[in-house]
Amino acid sequence: MSEALGDQFPLNPFNQLESAVMAMAKEYHADPMNKDIPASVVIQYIPHGDVNQQLVNGSFLTRDIKSGEPQLNGTYCQCPFLSKEEEYKDINTLDDYLLDEFDMIAGTLEGYFLDIREVEFVVEQGNVYVVRNKEVKQKSMVTKLRILADLKADEQITDEEYVTSLTPNELNSLLYS
């Protein structure tokens, strides 16, 4: 970016953002391969805190990986940004409002992916930010069935979605286990 701005790097964060977007747009449009191809820029706030601010960061599974019980399972650390402190605690010791927020996030993700998820998060000034969520590879078939049964009971999926969410190998493992 310094090449695009030269020595005129703005101190105002909004001007920095504008300069960065303009530099990316200029570079994009300079490439003839991009002619007539629309582009977009996604700008996302990423919490980072400062040296004196306490952040809560950690990860959780949306369910128990063996039983499929809808119970949050994970850890968190409450420490200043860039701290070397790594004292992780059970996620279920957090305030109820955060656990309620995590339960809502878990339900939304399971409803979309029809599977258990691992969620990485940051809490800054009381706001929850999902940093990333990913598939959990090591889980039992019971967990998969329990998620689908719970989604079906809550009328979030149809009978057809319930059945088609299972692969032939998963169905086979149910028959011969």
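Parameters and conventions
Residues numbered from 1 in each chain as written. Predicted model: local features only at pLDDT ≥ 70, side-chain atom pairs only at ≥ 80, totals over all residues. Heavy atoms only, no water. Core = buried A, V, L, I, M, F, W, Y, C linked by side-chain atoms within 4.5 Å. Buried < 20%, exposed > 50% of the residue type's maximum accessible area, 1.4 Å probe, protein only. Helix = DSSP H or I, 4+ residues; strand = E, 2+ residues; numbered from the N terminus. Contact = heavy atoms within 4.5 Å. pLDDT = per-residue confidence, 0-100. Pairing = 2+ DSSP bridges.

Caption draft 1: Region of interest: the nonpolar core. Core analysis: the largest hydrophobic core is formed by 15 residues, its most contacted members being Phe-60, Leu-72, Ile-91, Leu-94, Phe-102 and Phe-121. The set of elements that each furnish at least two residues to this core consists of β1 (54-61), α3 (96-113) and β4 (117-124). Looking at this core, the element that brings in the most residues is α3, giving six residues. Those residues within four positions of Phe-121 in sequence are excluded, and the remaining contacts are Val-56, Asn-57, Gly-58, Ser-59, Phe-60, Thr-75, Tyr-76, Ile-91, Phe-102, Tyr-129 and Val-131.

Caption draft 2: Representation of the confidence of the model for the protein chain within the structure. Here the protein chain averages 83 in pLDDT, and 85% of its residues register 70 or above. Considering each helix and strand of the protein chain separately, the mean pLDDT is smallest for helix α1 (residues 2-5), with a value of 55, and largest for α3, with 94.

Caption draft 3: The pairing of strand β5 (residues 127-135), seen in detail. The pairing of β4 with β5 spans eight bridges and is classified as antiparallel. The partner of Glu-120 across the bridge, within β5, is Arg-132. Hairpin connection between β4 and β5: a loop of two residues separates the two successive antiparallel strands, and Gln-125 in this loop has a positive phi of roughly 50 degrees.

Caption draft 4: Local environment of the environment of Gly-111. Mapped onto the elements, Gly-111 comes out in helix α3. The class of Gly-111 is partly exposed, set by a relative accessible area of 28%. Considered as a pair, Gly-111 and Lys-152 are 41 residues apart in the sequence and their alpha carbons are 10.0 Å apart. Ignoring any residue separated from it by four or fewer positions in sequence, one finds Gly-111 in contact with Leu-151 and Gln-156.

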